[in-house]
Structures are given as structure tokens and as C-alpha cells.
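Structure assessment
Listed below are the residues making up each chain.
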Amino acid sequence: FVYHNGKEGMQMAEKLHSSKVKDSSSKIIFEDPVLCSQFLKGYVDIPILKDVQPEDIEDVTERFVHMFTEERNSDIVKKVRTKINDESFFLISLIEHKSVVDYNVVMQILRYMVFIWEDYEKEMERKKKGISKTKDFRYPPILPIVYYEGSGKWTAVRNIQDRVVADRAFEPFTPKFFYKLIQLN
């Protein structure tokens, strides 16, 4: 990451001395649009994000803060504007900060994702009543990221299907998604 010089650099240095030391690096990265765009370009490895600019990123965390049950100061939701086939859309980047391995994080992320999609649906319904019931209505993609700063290896499952007791016969009826793990150690 490229850190700012001058006044902005000093402000970031002050953030490092926050009372929650474990949150410092994630706060510096994800609260700053320049660093956040660099993170999405360099660490997420999704081609569509290679052109994300700082002005394409909007912090919408405050809108969802009531859903965070733990570590409220470090969980982040970003709205990222980008393009697919020359059509503008946005994705939601859900960044879950962890300092210890959390074996139920995949379920926590699923709850957050559903809540974000429900909120999006309500917002679109306010703009145009009945839109979510139309054939062409689509929800924005969500990029779930677990940003792990712990000292040990991350050993929690990354696929929700691995948290559900099920025979292969039930696999098609169980949601399937993975989260992106960024392990710092």
C-alpha cells in the first residue's frame, strides 16, 4: 500500500495509536478510499476490481452498524461502483475483522449478506414500487472478506456447506458461498 505523506500521513499515524490496537491496520486501510482501492486491486484478485478508483468507493457502514454484534468498530461495508460489460453497477464489500479464529464467521457473514440484500431491496422498492418482483430485478454482488490479524493460522471453514450437517442429497438445497480470507501473519 502507498501511504500518504504530510498531514494525511500524520492523521494515519495518529490512528495507529487508537485504543483498539488490533483494529488499527484495518481501520487505516478501509477508512481511507485510496488504501481501500489499492487493497481491492492488489489483494482480492478479481479482475473487475483492477480499475477501482478511490472515488468509486463509498463507506456505507453506518447504515448497517446495528447488525454488527461484535467488534462494531472494525466491521466495514463499502459500496464499490464498477462496470460489467460497460454497464455500471455496484458491489458490496463486507469486511469482517477478526483477531482470533471464529469458527462461526461463515454463518455471521451469511446473516450480514442477507441483511444487506434485504436493505437493498427496500431501497429499490422505495424508488419504484414492485421493482423487486419483476423478472429483471437483480441484487448486487457481495464480496465477503475476512481480514484476519491473529497470530495463529486461520482454521475455520470458508464454505458454509461445511458448517451444515447434510447428506450429499441435501447439498443442492444448502446455500454455497465462500469468503475471501486475508491472513496477515
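Right above here is the structure, for reference.
Computed from a predicted model, the values in this text were never measured in an experiment.

Our focus in this paragraph is the overall build of the chain. When helices and strands are tallied, the chain shows five helices and five strands. Its helices and strands taken in sequence order, the chain reads α-α-α-β-α-β-β-α-β-β from the N to the C terminus. When the 185 residues of the chain are sorted by exposure, 42% land in the buried category. When contacts within the chain are restricted to residue pairs at least 6 apart in sequence, long-range pairs at least 24 apart make up 57% of them. Carbon and sulfur atoms provide 54% of the accessible area of the chain, an area that totals close to 11,200 Å².

A separate point is the nonpolar core. Counting 18 residues, the largest nonpolar core has V105, I109, V146, W154, F177, Y179 and L181 as its most contacted members. Listing elements by their share of this core, those giving two or more residues are α5 (105-127) and β4 (142-148). Ignoring sequence-local partners within four residues, the contact set of L181 consists of V146, Y148, W154 and R158. Among the nonpolar cores identified, the runner-up in size contains 16 residues, and I29, C36, F39 and I95 belong to it.

Below, the discussion takes up the pattern of salt bridges. Under the counting rule described, the total for this entry stands at four salt bridges. When the shortest N-O distance is used, the salt bridge between R81 and E58 registers 3.4 Å. Highlighted residues: R81 in strand β2 (residues 76-84) and E58 in strand β1 (residues 57-59), separated in sequence by 23 residues. Here R81 falls in the partly exposed class, since its relative accessible area comes to 36%. Judged by its relative accessible area of 33%, E58 is partly exposed.

This part takes up the environment of V146. Its place among the elements puts V146 in strand β4. Taking the C-alpha atoms as reference points, V146 and Y179, 33 residues apart in sequence, are found 6.8 Å from one another. In contact with V146, not counting residues within four places along its chain, are E96, K98, V105, I109, W154, Y179, K180, L181 and I182.

Below, the discussion takes up the packing of aromatic side chains. Going through the model one piece at a time under the given rule, you end up with eight aromatic pairs. Aromatic rings pair up to connect F30, F39, Y43 and Y147 into one cluster. A cation over an aromatic ring shows up here: R158 above the ring of Y179, its NZ or CZ 6.0 Å from the ring centre.

Turning our attention to unusual backbone geometry. Despite not being glycine, D45 shows a phi value in the positive range, around 60°. With respect to the helices, strands and loops of the structure, D45 is situated in the loop between α3 (33-43) and β1.

Looking now at the environment of M113. Locating M113 in the fold gives a position in helix α5. What makes M113 buried here is its relative accessible area of 6%. Residues M113 and P141 lie 28 residues apart in sequence; the distance between their C-alpha atoms is 9.5 Å.

Further remarks concern the side chain of H97. Inspection of the secondary structure puts H97 in strand β3 (residues 87-98). Using a relative accessible area of 0% as the deciding quantity, one classes H97 as buried. Looking at H97, its side chain comes within polar contact range of the side chain of E149, at 2.8 Å.

Each value, and the rule that gives it
- Residues numbered from 1 in each chain as written.
- Predicted model: local features only at pLDDT ≥ 70, side-chain atom pairs only at ≥ 80, totals over all residues.
- Heavy atoms only, no water.
- Helix = DSSP H or I, 4+ residues; strand = E, 2+ residues; numbered from the N terminus.
- Buried < 20%, exposed > 50% of the residue type's maximum accessible area, 1.4 Å probe, protein only.
- Contact = heavy atoms within 4.5 Å.
- Areas by Shrake-Rupley, 256 points an atom, 1.4 Å probe, with all protein chains shown as cover.
- Core = buried A, V, L, I, M, F, W, Y, C linked by side-chain atoms within 4.5 Å.
- Salt bridge = Lys/Arg side-chain N within 4 Å of Asp/Glu carboxyl O.
- Phe/Tyr/Trp six-rings, centres within 6.5 Å; stacked < 30°, edge-to-face > 60°.
- Lys NZ or Arg CZ within 6 Å of the ring centre and 35° of its normal.
- Polar contact = N/O pair within 3.5 Å; in protein donor to acceptor, adjacent residues only side chain to side chain.

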